[in-house]
Structure formats: C-alpha cells, structure tokens
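Structural overview for review
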Amino acid sequence: MDKIRWGILGTGTIAHKFASDLKRVENAELVAVGSRSLQSAEVFCGKFDIPLSFGSYGELAACDRIDIVYIATPNNLHHPNTLLCLNHGKAVLCEKPFALNAKQASEMIGLARRKNVFLLDALWTKFLPHYQKMIEMVKGGELGAIKIVRANFGFQADAEPDSRLLNPGMGGGSLMDIGIYNVFTALDILRDPNEISVSINATEKGIDEQCAVVFKYNNGSMASLFSSISANLETEVEICGTLGRLKLTAPFYDSTSVLEHEADGKKTVIQTEKEEGLGYQYEARHATGCLLEGSTESTVVPYAYSILLMQTLDRIRKLAGIVFPNE
C-alpha cells in the first residue's frame, strides 16, 4: 500500500478545514465524502475535487475504495459513526470529543481491537510542533517541578438556541467543545488529578455556558482551567515550574501559537517548525503513517490516554451536574 485513501463523514466547518490540510499530506488522497444530504456531499466534493459523494453515512462506510474515515459529525454522533465505520473494516480518525463518556469510548476501542483496525482520537493539538516541544521541555525537566498550569479557552458564541453548542442532546457546552483542550493539556503536564473541583454557569437546558475546573495533586501541584462560550478569553496556557515559566501564546491550541520561555530573569522565544495550512495535516500525517506501517494504535494518543481523558471529563461533568440524554 503506497497511498492511503481517505473519506470524510460530515460536511461542516471542521470537515472543510481537514480536507484543506489533507492536501498537504504525502501518501494520502481524499476520495470520498458522506453526508445525510447528497446535495451537501456533492457541494463539498465540488470544492475539493473529490471523486465520490454519498448521501448517507452508511454508504460511505461500506465503500471499498476507502481505507480510513475522518469522523467530522456532531459530538453525539461520534460513537455510533465510529462503530459504523469500524464494523465495515474502516480505520477511523474521530474528531474530539472522542465520545460523550468513557463507556462509549471503551466500546469504540474494544471494537477496534476485535476488528484489528486502526482507531485514533483526533486531538490535533497534540501533534503540533509547538505542543510537542512543550511536552519535551516539561518531561526533560527544563521547567523544574511543575507547580501550576493555567489554561483558558473562551469565545463569545453567536449561537441560536437550538445550536449544537447549546444542545445537551448533541453533547453541547463549553467543556466538551473547547474545555477539553484545557483538560488534556493539564493531563499531559500533570497527569491524573487526585482531586477535582468544578463550578459552572448552567443554561436553562443544563449544559455549561462557562466552566471553571481546578485539578489538585498530592504533591502540591494545581491546574486552573476555564472555558466559556459566552466570553472572549485570552486563549493561552501558562506552565509555572520551579526553574522557569513557559507560555503557549493565544490561541494555544493551533499551529500559530508561540512558546515564550522565562528563566533566570531572561525571556526567550522557543523556535518550532511552522508549516503552511491550519495544522490538521499533522494528525492526518500521523494517521496515514500508522496505516502505512500497519499499526493499529497510535503512540501519540494511545487508547489508555483516550480512556483517561474521557474518564476525567466524566468526573468533571458529574461534579458539575451535567448530564446528556440517554447516558
């Protein structure tokens, strides 16, 4: 196999971004898109010169000209859509959140293992060069013992009342949509917290418009994580250690972020690779490489990590009283 053939499930904003960046991935080609509307699929195909369009998710999943499917549907559909594709023997790159809860995530991973098919949680930020460099510096001890992690992600959503952002039936709320970035960043730096405290501003429908989370650790470390879909925050990460401080400038989650390091009274900018595109090509390149090598599990986001992340989100939602229908 010298070329990995991609399909995309969904035609929304994230699907457009991914399709644009997939053109930058060697040994990958986008051959199909599936939507609940054939017209939507055909319009999408016209924009990106894609040969195959399908008016249902099932048709795309069953297509024998596809090796891997990128799931770009709303949060509540990630679990059933992933199972659909895995049951048809297709590898899957599933957009975040991987599932609505840890139970769903375990079911997805269990099926991938039984089918011996590649499955990856699409936490695209974890594949970006500046984020990888941050992890290297933290693990290498350049910042000393990490005492505080501060992560903010917020924007003022111009959303209709029935928008997916505000709909509990679609896994809405700031935590699952954007707060997840704060959570996995804290997990990457400090790992599983010993104690969690949460405070939210809940909407009438019971999802979080704003969410404040604190992780506490037995060694004295703490993480402060704030997400909002009602206010524009300085979306950055600050990591404070005994030997220095590191900032991931806003927006910390994408490829334009810069690392600012401060130690011994000196401030420096840590240079990392910058590539044209939006940054989704890095995770797509990783997934393509895994398939070419015959791997069924990522080393960057292994299954155990995806389960830990979902379990942590479950803990936060339980403390906040956020419940999705049919859980």
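Note that the coordinates shown come from a computational prediction; the quantities given were computed from them, not determined experimentally.

1. What about the sheet that holds strand β1 (residues 4–9)?
Strand order in the open sheet formed by six strands is β3-β2-β1-β4-β5-β6, with parallel pairing between adjacent strands. Among the strands making up the open sheet, the edge pair consists of β3 (52–54) and β6 (119–122). Strand after strand, the sheet turns through a mean of 25° between neighbouring axes, direction not considered. Two elements, strand β4 (residues 68–71) and strand β5 (residues 91–95), share four bridges in a ladder whose sense is parallel. Pairing of Tyr70 across the sheet is with Leu93, part of β5. Against the sheet, helix α4 (residues 78–87) touches β1, β4, β5 and β6, its axis set at about 170° to β5.

2. Some thoughts on the sheet that holds strand β13 (residues 259–263)
With respect to topology, eight strands assemble into an open sheet ordered β8-β9-β10-β7-β11-β12-β13-β14, the strand pairing being mixed. If you trace the sheet from one side to the other, it starts and ends with β8 (195–202) and β14 (266–270), each paired once. Shown here is a sheet whose adjacent strand axes are inclined to one another by a mean of 10°, direction ignored. Looking at chain direction, strand β11 (residues 237–241) and strand β12 (residues 245–248) are connected through four bridges and run antiparallel. By the bridge assignment for β12, Glu238 is matched with Lys247. Where helix α6 (residues 129–139) meets the sheet, its contacts fall on β7 (146–154), β11, β12, β13 and β14, and the angle it forms with β12 comes to roughly 165°. Contacts from helix α7 (residues 174–190) reach β7, β9 (208–216), β10 (222–228) and β11, with the element oriented near 165° to β10.

3. Examining the side chain of Asp188
Relative to the assigned elements, Asp188 resides in helix α7. Within polar-contact distance, the side chain of Asp188 engages the side chain of Tyr305 at 2.8 Å. Other than its neighbours up to four places away in sequence, Asp188 contacts Lys126, Tyr131, Ile135 and Tyr305.

4. Brief notes about the pairing of β6
Regular strands place their side chains on alternate faces of the sheet. Going residue by residue along β6, you find Leu119 and Asp121 tucked away on one face and Leu120 and Ala122 tucked away on the opposite face as well. Where β5 lies against β6, four bridges are found, and the strand directions are parallel. Residue pairing in the sheet places Leu93 in a bridge with Leu120 of β6. Between β5 and its parallel partner β6, the chain crosses via helix α5 (residues 102–115), and the hand of that crossover is right-handed.

5. Let's talk about the pairing of β7
Alignment of β7 against β11, held across five bridges, turns out to be antiparallel. Within β11, the position partnered with Val149 by the bridge is Ile239. In terms of strand pairing, β7 meets β10 through seven bridges, oriented parallel. Paired with Val149 across the bridge in β10 is Ala223.

6. Observations concerning the environment of Ser174
Along the chain, Ser174 turns up in helix α7. Expressed as a C-alpha distance, the spacing of Ser174 and Glu238, which sit 64 residues apart in the sequence, is 20 Å. Sequence-distant contacts of Ser174, defined by excluding residues within four places in its chain, comprise Gly179, Asp208, Glu209, Gln210, Cys211, Ser227, Ser228 and Ile229.

7. What to know about the packing of α6 against α7
One can describe the packing of α6 onto α7 by two numbers: an axis separation of 10 Å at closest approach and a directional angle of 30°. Judged by the angle between their axes, α6 and α7 are roughly parallel. Where α6 abuts α7, its residues Tyr131, Met134, Ile135 and Val138 lie against Phe184, Thr185, Asp188 and Ile189.

8. Overview of the layout of surface pockets
Estimated volume of the largest pocket: approximately 720 Å³. Lining the largest pocket are 31 residues, and of these Thr13, Ile14, Lys96, Arg164 and Asp177 sit closest to its centre. When contributions to the lining of the largest pocket are tallied by element, the ones reaching two or more residues are α1 (13–22) and α7. In this structure, the second largest pocket spans a volume of roughly 280 Å³. Elements represented by at least two residues in the lining of the second largest pocket include exactly α6, α7 and α9 (303–320). In terms of residue count, the dominant contributor to the lining of the second largest pocket is α6 (five residues). Classifying every residue of the lining of the second largest pocket by side-chain character gives eight nonpolar, two polar and four charged.

Each value, and the rule that gives it
- Residues numbered from 1 in each chain as written.
- Predicted model: local features only at pLDDT ≥ 70, side-chain atom pairs only at ≥ 80, totals over all residues.
- Heavy atoms only, no water.
- Pairing = 2+ DSSP bridges.
- Helix = DSSP H or I, 4+ residues; strand = E, 2+ residues; numbered from the N terminus.
- Axes fitted to C-alpha atoms, helices over the stretch in contact; angles between N-to-C directions.
- Contact = heavy atoms within 4.5 Å.
- Polar contact = N/O pair within 3.5 Å; in protein donor to acceptor, adjacent residues only side chain to side chain.
- Buried < 20%, exposed > 50% of the residue type's maximum accessible area, 1.4 Å probe, protein only.
- Right-handed = clockwise from strand over helix to strand, strands pointing away.
- Parallel < 35°, antiparallel > 145°, perpendicular 65-115°, else oblique.
- 1 Å grid on protein atoms, 1.4 Å probe; cavity = no way out; pocket = protein on both sides within 12 Å on 5 of 7 lines; lining within 4 Å.
- Points joined across faces, edges and corners; volume = space filled by probe spheres on them.
- Nonpolar A, V, L, I, M, F, W, Y, C, P; charged D, E, K, R; others polar.

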